[in-house]
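Take a look at the letters that make up each chain.
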There are 2 protein chains.
Amino acid sequence: MGSVSNHTILTGDRPTGLLHLGHYVGSLRERERLQHENRQFVLIADLQALTDNADNPEKVRNNVLEVAFDYLAVGLDPKLTTIFIQSLVPELAELTMYYLNLVTLARLQRNPTVKDEIRLRQFAGGVPAGFLCYPVSQAADITAFKADLVPVGSDQLPMIEQTVEIVRAFNRTYHRAVLVEPKPLLSSVPRLPGTDGKGKMSKSLGNAIYLGDSADAVSDKVKKMFTDPGHLRVEDPGVVEGNPVFSYLDAFDPDLSGLDAMKKHYRKGGLGDMAVKRRLLEVLQPALEPIRERRRLVAADPGQVMELLLDGSRKARAVAAQTLDEVRKAMHLDYH
Amino acid sequence: MGSVSNHTILTGDRPTGLLHLGHYVGSLRERERLQHENRQFVLIADLQALTDNADNPEKVRNNVLEVAFDYLAVGLDPKLTTIFIQSLVPELAELTMYYLNLVTLARLQRNPTVKDEIRLRQFAGGVPAGFLCYPVSQAADITAFKADLVPVGSDQLPMIEQTVEIVRAFNRTYHRAVLVEPKPLLSSVPRLPGTDGKGKMSKSLGNAIYLGDSADAVSDKVKKMFTDPGHLRVEDPGVVEGNPVFSYLDAFDPDLSGLDAMKKHYRKGGLGDMAVKRRLLEVLQPALEPIRERRRLVAADPGQVMELLLDGSRKARAVAAQTLDEVRKAMHLDYH
């Protein structure tokens, strides 16, 4: 993906927890690269986080800063990437209101991503209307900055489709090509599993390695990682596929031929799990060390980080306000 | 209702057509009275009008001014009443986004007023999400100004209930009594029927007398009004109930004992429809004359009327922004 350049990119995260190695491999590392030759906006989606955390706003508030620490730790540079807080760009709420009229309730209920997430969450008192509407809010996020590229996992493709539909409906209904159709930028990296090898990393499963984890904590977590459950003795042949230690090596080991040799050895038998884990720590610790150190530094001055976020939000607002102006003009709502 | 005072009142209209005698009797006349001893906000609900007119924004835009002409014509005084355009107060969109998380989809789908309106409109391509959500947007309108009184017809009571539920959910969830519960101010005046005696006045039925109608047009429309279909000859006994001419007299004739005598005479027989209509014109024309004249004057300078609306919207924004500040503080979204 080294050739991605001259695009406008919108991406971000819900501030509901610390970012972990899964985020790093799946998106953060790529964002650091993309910021050099593209115009990149990264939003901390507090509004969206509230759609299923309305009763826990303090969690959202606290994680806004934590996520910002993670961003700066991995090398997102506020001079190159506009990092902003979603709720500080009220133009996004206005755009959402306009777009809600261009989407039917039935269409929102058909969204496969939202359907999956509703099943997962099992909202006790019923699905909040805001949760059902959040794909429209995402369309506002994307179109406000006229992003033409949105990095996503394949499970998020329906969100891009929804945005494209809204863009087309808007431009058709109001007879002006105001909004820009985004394209997905699909990650070429397979999703990093949790340390238990079961599904993705998550706080609730206790299977995540966080960007802020100390070297000792990383070491502990790697030593306790699941491997091939059939690989009981060193001399047994082992399975590489679905073995999380090898998944992590795929993501972090720069020595591809060495890794290839290790896989062969492991498959044949005679290579112990501890040896593989040692190699993982050998490549993982130096990759995490500068991130951890930068995170420690920026987290020591949360006031300054908030200043960066407020400044980024002001810049984001200026761009979104320009789009909103065009939107309102196309809708004949430019009162003067 | 002469005793209503010291309240904060929020009311308004969708700008989808000219206001007529039904609006005048049902709400406008009352608003003129209420503005003297209450703090009154009247919104021209362009956002809400778009929820079922997304494909016809020019209609909405044009009617914003027409409705403003009607308001000024009936004596709403911008010094006493803050008249504003909904979409020029973006704080309302923000509040709507926050409130959408406190209402379930199922609850919105149960709203009887919305259900009726959906049946009535028969949206060809499906119900727009914005339309289903508009009660939440109304809750934002009401609570942004901390209105404690909302003039409504009985069919609109479910909207107030929805707002009260949101107020309670918000104050409970965020542990602060930020929002104010509104009470309905039920109109004591029966709804004025259309000139055909069938249901309420509406443009599509061609049964409305508009505030801007010329004296000749009013005269024509009254002469063609439906009466008691069984009252064929002057000497026949006639029915007063459901006879639109008498409904209008109830609304406009200040001489109550004279009207009572007329009703008796009509019931007994011997009073012709033309005589009753003459009396109606006798009281209606002088009531409409000053309204029509003021409307003509203000409509001659639409630029000045827009200035009034922009000024009212600025004032409304300042109040809504204060509420939004409190809302965001309670939600821990006061970044600084």
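Only a predicted model underlies this, so the values are computations on that prediction, with no experimental measurement involved.

### Notes on the overall build of chain A
Now for step 1: Helices and strands together make up the secondary structure of chain A, namely 14 helices and five strands.
Now for step 2: By the compact-globule yardstick of 20 Å for 336 residues, chain A fits well, its C-alpha radius of gyration being 22 Å.
Now for step 3: Summarising its shape, the C-alpha atoms of chain A cover approximately 80 × 45 × 40 Å along the three principal directions.
Now for step 4: Buried residues in chain A amount to 47% of all 336 residues.
Now for step 5: Excluding contacts between residues fewer than 6 apart, the proportion of contacts in chain A whose partners are at least 24 apart in sequence is 79%.

### Describing helix H6 (residues 112–121) of chain B
Now for step 1: For H6 of chain B, a buried count of one out of ten residues is recorded, marking the element as mostly open to its surroundings.
Now for step 2: Just beyond H6 of chain B, the residue with positive phi is Gln-122 of chain B, at close to 45 degrees.

### Overview of helix H3 (residues 57–73) of chain A
Residues and elements named next belong to chain A.
Now for step 1: Look at H3: 24 Å from first C-alpha to last across 17 residues, which is about the 24 Å you get at 1.5 Å a residue.
Now for step 2: A large share of H3 lies buried, amounting to twelve of its 17 residues.
Now for step 3: Residues of H3 that are buried make contact with strand E1 (8–13), strand E2 (39–44), helix H2 (46–50), strand E3 (81–85), helix H13 (273–299) and helix H14 (302–330).

### What about the environment of Asp-70 of chain B?
Residue and element names in this part refer to chain B.
Now for step 1: Mapped onto the elements of the fold, Asp-70 is located in helix H3 (residues 57–73).
Now for step 2: As for Asp-70 and Lys-268, which are separated by 198 residues in sequence, their C-alpha atoms are 40 Å apart.
Now for step 3: With sequence-adjacent residues up to four places away left out, Asp-70 is seen in contact with Leu-18, Leu-19, Leu-211 and Arg-295.

### A short note on the nonpolar core
Now for step 1: With 194 residues, the main nonpolar core has Ala-68 and Tyr-99 of chain A together with Ala-68 and Tyr-99 of chain B as its most contacted residues.
Now for step 2: Aside from chain neighbours lying at most four places away, what touches Tyr-99 of chain A is Val-136, Ala-139, Ala-140 and Ile-166 of chain A.

### Concerning the domain arrangement of chain A
Residue and element names in this part refer to chain A.
Now for step 1: Parsing chain A into structural domains produces domain 1 (8–192 + 302–330) and domain 2 (215–296).
Now for step 2: Each of domain 1 and domain 2 has a C-alpha centre, and the two are 34 Å apart.
Now for step 3: Contact with domain 1, which involves eight residues of that partner, is made by six residues of domain 2.
Now for step 4: The dominant element in the side of domain 1 that touches domain 2, judged by the number of residues it contributes, is H3, at four residues.
Now for step 5: Partitioning the side of domain 1 that touches domain 2 into residue classes produces seven nonpolar, no polar and one charged.

### Side note on the relation of the copies chain A and chain B
Now for step 1: Superposing chain A onto chain B requires a rotation of 180 degrees together with a translation of 0.0 Å along the rotation axis, leaving an RMSD of 0.0 Å. The superposition operator between the copies reduces to a two-fold rotation axis. Judged by C-alpha distance, Ala-93 of chain A is the residue of chain A that lies nearest the rotation axis, at 2.8 Å.
Now for step 2: Both copies present the same face, since 100% of the interface residues in chain A are matched by interface residues at the equivalent positions in chain B.

### With respect to the environment of Lys-264 of chain B
Now for step 1: Along the chain, Lys-264 of chain B turns up in helix H12 (residues 256–268).
Now for step 2: As a C-alpha pair, Lys-264 of chain B and Ala-320 of chain B span 56 residues in sequence and 53 Å in three-dimensional space.

### Quick notes on the pairing of E3 of chain A
All names here are of chain A.
Now for step 1: Across the five residues of E3, five count as buried, placing the element largely inside the fold.
Now for step 2: Alternating positions in E3 separate into two faces, Thr-81, Ile-83 and Ile-85 on one and Thr-82 and Phe-84 on the other, with burial throughout.
Now for step 3: Strand direction decides the pairing type here: E2 and E3, joined by five bridges, are parallel. Bridging across to E3, Leu-43 finds its partner in Phe-84.

### Side note on the interface of chain A and chain B
Now for step 1: Between chain A and chain B, the contact holds 41 residues from the first and 41 residues from the second.
Now for step 2: Elements supplying a minimum of two residues to the side of chain A that touches chain B: H2, H3, helix H4 (91–100), helix H5 (105–110), helix H7 (129–132) and H14 of chain A.
Now for step 3: It is H4 of chain A that contributes the most residues to the side of chain A that touches chain B, five residues altogether.
Now for step 4: Classifying every residue of the side of chain A that touches chain B by side-chain character gives 26 nonpolar, ten polar and five charged.

### Comments concerning the pairing of strand E1 (residues 8–13) of chain B
Residues and elements named next belong to chain B.
Now for step 1: The element E1 is extensively covered by neighbouring structure, given that five of its six residues are classed as buried.
Now for step 2: Relative to strand E2 (residues 39–44), E1 runs parallel, the two sharing six bridges. Residue Leu-10 lies in a different strand from E2, and its bridge partner there is Phe-41.
Now for step 3: A crossover links E1 with its parallel partner E2, the connecting element being helix H1 (residues 21–34), and its sense is right-handed.

### Re the packing of H3 of chain A against H14 of chain A
All names here are of chain A.
Now for step 1: Remark: H3 packs on H14, axes separated minimally by 10 Å, with the N-to-C direction vectors making an angle of 85 degrees. Comparing their axes, H14 and H3 come out roughly perpendicular. Each of Leu-65, Ala-68, Phe-69 and Leu-72 in H3 lies in contact with H14, whose residues at this interface are Pro-302, Val-305, Met-306 and Leu-309.
Now for step 2: Split into classes, the residues belonging to the contact of H3 with H14 amount to eight nonpolar, no polar and no charged.

### Quick notes on unusual backbone geometry
Excluding glycine, residues mostly have negative phi values, and the peptide bonds linking residues are mostly trans.
Residue and element names in this part refer to chain A.
Now for step 1: At His-175, a position not held by glycine, the phi torsion is positive, near 55 degrees.
Now for step 2: One can find His-175 in the loop between helix H9 (157–173) and strand E5 (183–186).
Now for step 3: Residue classification places His-175 among the exposed positions, given that 8 C-beta atoms sit within 10 Å.
Now for step 4: Of note in the backbone geometry, His-332 takes a positive phi value of approximately 65 degrees without being a glycine.
Now for step 5: Inspection of the secondary structure assignment puts His-332 in the segment after H14.

### Some remarks on the environment of Tyr-71 of chain B
All names here are of chain B.
Now for step 1: Among the secondary structure elements, Tyr-71 is positioned in helix H3.
Now for step 2: Its 28 C-beta neighbours within 10 Å are what place Tyr-71 among the buried residues.
Now for step 3: Separated by twelve residues in sequence, Tyr-71 and Ile-83 place their C-alpha atoms 8.7 Å apart.
Now for step 4: When sequence neighbours within four positions are dropped, the list of residues in contact with Tyr-71 reads Val-42, Leu-76 and Ile-83.

### A look at the packing of helix H8 (residues 134–144) of chain B against helix H9 (residues 157–173) of chain B
Residues and elements named next belong to chain B.
Now for step 1: Running from N to C, H8 and H9 point in directions that differ by 70 degrees, and their axes come no closer than 9 Å. With respect to each other, H8 and H9 are oriented roughly perpendicular. Across the interface between the two elements, Pro-135, Val-136, Gln-138, Ala-139, Ile-142 and Thr-143 of H8 pack against Met-159, Gln-162, Thr-163, Ile-166 and Val-167 of H9.
Now for step 2: When its residues are assigned to classes, the contact of H8 with H9 shows seven nonpolar, four polar and no charged.

Conventions and cut-offs
Residues numbered from 1 in each chain as written. Chains lettered and ligands numbered in written order. Predicted model: local features only at pLDDT ≥ 70, side-chain atom pairs only at ≥ 80, totals over all residues. Helix = DSSP H or I, 4+ residues; strand = E, 2+ residues; numbered from the N terminus. Rg over C-alpha atoms; globule rule 2.2 N^0.38 Å. Buried ≥ 20, exposed ≤ 12 C-beta atoms within 10 Å, placed from the backbone. Contact = placed C-beta atoms within 7 Å. Expected span 1.5 Å × (residues − 1). Core = buried A, V, L, I, M, F, W, Y, C linked by C-beta atoms within 7 Å. Domains from an automatic or database assignment. Nonpolar A, V, L, I, M, F, W, Y, C, P; charged D, E, K, R; others polar. Least-squares fit on C-alpha atoms with pLDDT ≥ 70 in both. Pairing = 2+ DSSP bridges. Right-handed = clockwise from strand over helix to strand, strands pointing away. Axes fitted to C-alpha atoms, helices over the stretch in contact; angles between N-to-C directions. Parallel < 35°, antiparallel > 145°, perpendicular 65-115°, else oblique.

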